[in-house]
Amino acid sequence: MDTFADTLTARERRRGRLLACFACWFGCISEVMVDSSAIVILYLSMMGGSKSETMLSTGFSAVFSMLAMIPCAALVARVGLKRAASAACLTGCAGFLLMAAAPFFGPWRKAAAMAGCLVYCAQRALYGAAWYPMLDVFLRPQDRGRFFGTMRFTYMVLSGTLFYFVGRLMGEKPSVRLMQGVLAATGLLILGRLVCMLRFPENPAEESVRIDWRRALGISIRNGPLVAYSVYVCLLSAASTSIVPLTLIYLKNHVGLDAGRVQVFSTVGIAGSVAGFFCYGSLLRVLRLRRLETGVHLALAAAALVLAFAGAGTPGFLGVAGAAYFVAAFAGSVFMCNNSAEYLALARPGNKPMAVAFLQTYQNVGVSVGRAGTAAVLGADLLAPTWRLGPLELCSYQTLFLLAGAAMVVLLALLPTLPAFVPRHDDYYEP
C-alpha cells in the first residue's frame, strides 16, 4: 500500500531525513542530559536536592507524557504539527534556561532548578505527539529501521563525545558556573531543532485535517495489535526504566565515586546506546523484529540481575558494573528503535497522532511507575540497608535491581502476544 512518502521524490525524502537528523543533533543533548547523563542529577544535588528528588527528576518526562500525551495529540490535530512543534521547542528552551538561572534565586534555587526541569519535561508530550507523524510524511516503511538506527547512532556519538569531555572538564568538584553554562548552552541548542523541523516536508491532507479526538481514541482502542503492544511496552518499561539512572545514583551514594568519575562512567552507557543504534539496521535485517524483541527483553533482565548480584566488594566491580550498564544501554537503544518502528507500523493512516499518543501514553505510564516507585522507595528508606541472600550480602540498591530483573523474567510470558509474533492480523499493522 502506497504512503504519502512514496509520492515524494527521492531527493525530497533524502532532504527530509537529513533535516530530521539535524533536528535530533540540536535537540538530543537536552534529552540525553535529562534521561541518561549524570549532569542534571549532579546539578540538582548541588542545588540541595535529595537522592529521591534527583531520582524523581529523571521520571518527570514520563509523568507528564503519561498525563498529557492524548490531550496533546488532540491539540496537535487542532493547531497542526508545525505549530505544536514550535510551542514545544520554545518551552523546552525556557525550561533549561530557568534551570541554569536557579542559583540566582537564592534560597529558592532548588525550587527553581526543579521547576526548570519540570517545564522542560512538560513540553516533551507535545513534541512527541508531533514528531513521529512529521517523520511519517517522508519515511517509507522500508526506510524506518535504517533511518532510526542511523539517526540515533549519530546523535548518541555527538552527545557521548560532548558529555565525555564535559565530564573530564568537571573534575571531582565542578563549579556551579560551569554547570550553569552547560545547561544554558543546551537550552539554546533546542532552537536549532525548531528551525530544522519547520523545514520538514508537509502532507497537506494531514496538516489540514481536524480529527474528533474521541473518535480517534476509539479507533486506537479497537486496534488489537496496538493495544497488545502498548500493554507490553508499559510493563517492560516499568521494570527496566530505572536501571540506568539508578546505577549512577548507586555509584555516587553507595560506592562513593566522585562527581567527575560518575559522569565519565555515564559515557559507558552512552557508548552502549551508540553501539545499539549503529547495529540496529543490521540486527533488524538479520534477526527480524520478533527475535530482536526477545533478545532485548533478555538482555535487560540479565543486566539488572548482574547489577543485583555483583556487589561493590566484587573483584573488578567497576568493570562488571560497566559491562552490565553497557548492555542495559545497548538493549535500551534497540528497544527504542523497535518502538519507533512499531509506532508507525501500528498507526492507522489518518489517525497517526492519536495512535502514537496512545502507545506513548502506555509506555510513559510504565516509565512513571518505575521511576517514581524507585524514587519513593529510596526517599522513604523502605528497604533494609543490607540483607543476606545465601552467601551474598545485598544493599538496598541491589535489591531494586533484583526486583527489576525478576519482574522482567516474569514478563517473558507476554512476548507471544506482540504483533511481530502473530503472523496475520485482522487489525491494522503495516511493518
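Structure's up top.
Residues numbered from 1 in each chain as written. Predicted model: local features only at pLDDT ≥ 70, side-chain atom pairs only at ≥ 80, totals over all residues. Heavy atoms only, no water.

1. Section: helix α2 (residues 10-35)
- Taking 1.5 Å of rise per residue, the 26 residues of α2 would be expected to cover 38 Å, and the 35 Å separating its terminal C-alpha atoms lies within 8% of that figure.
- Where α2 bends most, the angle comes to about 45 degrees, and this point is G27. (Helix = DSSP H or I, 4+ residues; strand = E, 2+ residues; numbered from the N terminus. Expected span 1.5 Å × (residues − 1). Bend = angle between axes of the 7 residues up to and from the residue.)

2. Quick word on the pairing of strand β1 (residues 386-389)
- Bridge count between β1 and strand β2 (residues 392-395): four bridges; the pairing is antiparallel. Each residue of the ladder has a partner; that of T386, found in β2, is C395.
- The antiparallel hairpin formed by β1 and β2 contains two residues in its connecting segment, where G390 sits at a positive phi of about 65 degrees. (Pairing = 2+ DSSP bridges.)

3. Considering the packing of aromatic side chains
- Taken as a whole and judged by the stated rule, the model has 14 aromatic pairs.
- With a centroid separation of 4.9 Å and an interplanar angle of 85 degrees, the aromatic rings of F96 and Y120 are classed as edge-to-face. With F96 in helix α6 (residues 81-100) and Y120 in helix α7 (residues 109-136), the pair connects residues that are 24 residues apart, well separated along the chain. When sorted by exposure, F96 lands in the same class as Y120, which is buried.
- Grouping aromatic residues by their ring pairs yields a cluster made of Y127, W131, F138 and F200. (Phe/Tyr/Trp six-rings, centres within 6.5 Å; stacked < 30°, edge-to-face > 60°. Buried < 20%, exposed > 50% of the residue type's maximum accessible area, 1.4 Å probe, protein only.)

4. Comments concerning empty space enclosed by the protein
- Per the stated rule, a full pass over the model turns up six cavities of 30 Å³ or more.
- Each pocket or cavity is described by its volume, and for the largest cavity that value is around 1200 Å³.
- Ranked by residues supplied to the lining of the largest cavity, first place goes to helix α15 (residues 317-346) with 10 residues.
- Looking at the lining of the largest cavity residue by residue, the classes come out as 24 nonpolar, 20 polar and six charged. (1 Å grid on protein atoms, 1.4 Å probe; cavity = no way out; pocket = protein on both sides within 12 Å on 5 of 7 lines; lining within 4 Å. Points joined across faces, edges and corners; volume = space filled by probe spheres on them. Nonpolar A, V, L, I, M, F, W, Y, C, P; charged D, E, K, R; others polar.)

Purely spatial values, then, with no claim about function.
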